[in-house]
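Below are the chains, spelled out letter by letter.
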Amino acid sequence: MLSFLARRLVQLVPTLLFVSILIFSLQHLLPGDPALVMAGEEHDPAVIEQIRRQYHLDQAIPVQYAYWLKGVLSGDLGESLRIKMPVLDLIAQKLPVTLQLAAMAIVIALLIGIPAGIVSAVKKGTAWDYGANLFALWGISTPNFWLGIMLIFLFSIELGWLPASGYVPLGENWRASLASTIMPAFVLGNAISAILMRHTRSAMLQVLESDYVRTARAKGLSERSVILKHAMRNALTPVITLGALELGTLLSGAVLTEQIFSVPGFGKLIVDAVFNRDYAVVQGVVLVTATVYITLNLIADVAYILVNPRLRG
């Protein structure tokens, strides 16, 4: 296990380096000049020239990348060109919001998707199976923005149970915080649970037809034990990958959902930064997102080994 982790950690270094080069290069393909944006409406040539020198915009792109990478390695992701605030502080403000929203969404997805997939596979061809597949079709087909609007109309306007928009920090008031995030979390978790259900069902059907499951049944083990202790454990391997990737997607910011519910997370931050040509913020947020994806992929590989000991060799 330790040697496996060491090998994977070593592989992360060139991967992150390549990602940083890609992020920096693609960012400079965006149209517009950040110096002009920062200079304001007057576009004073002296001010523009000073801005270029201050942020190294007058240097060649490889030189700019070297300055940026040096800052990243020292924990400095730069400063927002628009609001004059360190990018690291901006991320520190927005990341807890998105983390809470993503955690709640993935928990909802797991609690709905995996049990539904297991029941659908075990009860194949029955009303339970058809019902679970109908739910999956609903989850995949329903647009997040429409579901969000319908939830606001029902639970906020008609019933008055939940706030229609806004966000309350978890440390400030946990009840109000959960109330402000439960609807956007359900909107995000609904679509993911449908995908998890389909993958869990497919994996369970394959495992239930394997020889060791038939052997377990022949030994007289209860059906509950066969399903939960033998079949489900092996069927979870592909689901782990999907769950890690979906969690990474949530952490990168669910733009539409955050906009509908006015949740100040990563989605709104990256959209505002792109429109304002705020290079430092875009690069910092995308780099953090890429790092999260890579880390979650590593965690998924470790989870494989914990779930299926045969992979340890």
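Residues numbered from 1 in each chain as written. Predicted model: local features only at pLDDT ≥ 70, side-chain atom pairs only at ≥ 80, totals over all residues. Heavy atoms only, no water.

Peer 1: Quick question: what am I supposed to make of the overall build of the chain here?
Peer 2: Scanning the chain for helices and strands turns up 13 helices and zero strands. If one aligns the C-alpha atoms of the chain with their principal axes, the spans along those axes are about 85 × 55 × 35 Å. With 313 residues in all, the chain has 42% of them scored as buried. Of the accessible surface of the chain, which amounts to about 16900 Å², a share of 67% is contributed by carbon and sulfur atoms. Of the charged side chains in the chain, 23 are positive and 20 negative; the average position of the first set lies 18 Å away from that of the second. (Helix = DSSP H or I, 4+ residues; strand = E, 2+ residues; numbered from the N terminus. Buried < 20%, exposed > 50% of the residue type's maximum accessible area, 1.4 Å probe, protein only. Areas by Shrake-Rupley, 256 points an atom, 1.4 Å probe, with all protein chains shown as cover. Lys, Arg positive; Asp, Glu negative; His and termini not counted. Charge placed at Lys NZ, Arg CZ, Asp CG, Glu CD.)

Peer 1: Looking at this structure, I do not really get the nonpolar core. What am I missing?
Peer 2: What tends to happen in soluble globular proteins is that the nonpolar side chains get buried as a cluster. By size, the foremost hydrophobic cluster in this structure holds 43 residues, and its most contacted members are M204 and L250. If you list the elements that add at least two residues to this core, you get α5 (87-122), α7 (144-158), α8 (174-208), α9 (211-218), α10 (223-251) and α13 (279-307). Setting aside chain neighbours within four positions, we find M204 in contact with I118, A121, I227, A231, M232 and A235. By size, the runner-up hydrophobic cluster in this structure holds 21 residues, among which are W68, V87, F266 and L269. (Core = buried A, V, L, I, M, F, W, Y, C linked by side-chain atoms within 4.5 Å. Contact = heavy atoms within 4.5 Å.)

Peer 1: Could you clarify how one ought to interpret the packing of α7 against α8 in this entry?
Peer 2: Any two packed helices are characterised by how steeply their axes cross, that is the angle between the axes, and by the distance between the axes. Packing of α7 against α8 brings their axes to within 10 Å, and their N-to-C directions diverge by 140°. Here α8 runs oblique to α7, going by the angle between their axes. In this structure, α7 meets α8 at a crossing whose hand is right-handed. Across the interface between the two elements, N144, L147, G148, L151, I152, F155 and S156 from α7 touch M183, F186, V187, L188, N190 and A191 from α8. Residues belonging to the contact of α7 with α8 are distributed by class as follows: nine nonpolar, four polar and no charged. (Axes fitted to C-alpha atoms, helices over the stretch in contact; angles between N-to-C directions. Parallel < 35°, antiparallel > 145°, perpendicular 65-115°, else oblique. Left-handed = near helix turned anticlockwise from the far one by under 90°. Nonpolar A, V, L, I, M, F, W, Y, C, P; charged D, E, K, R; others polar.)

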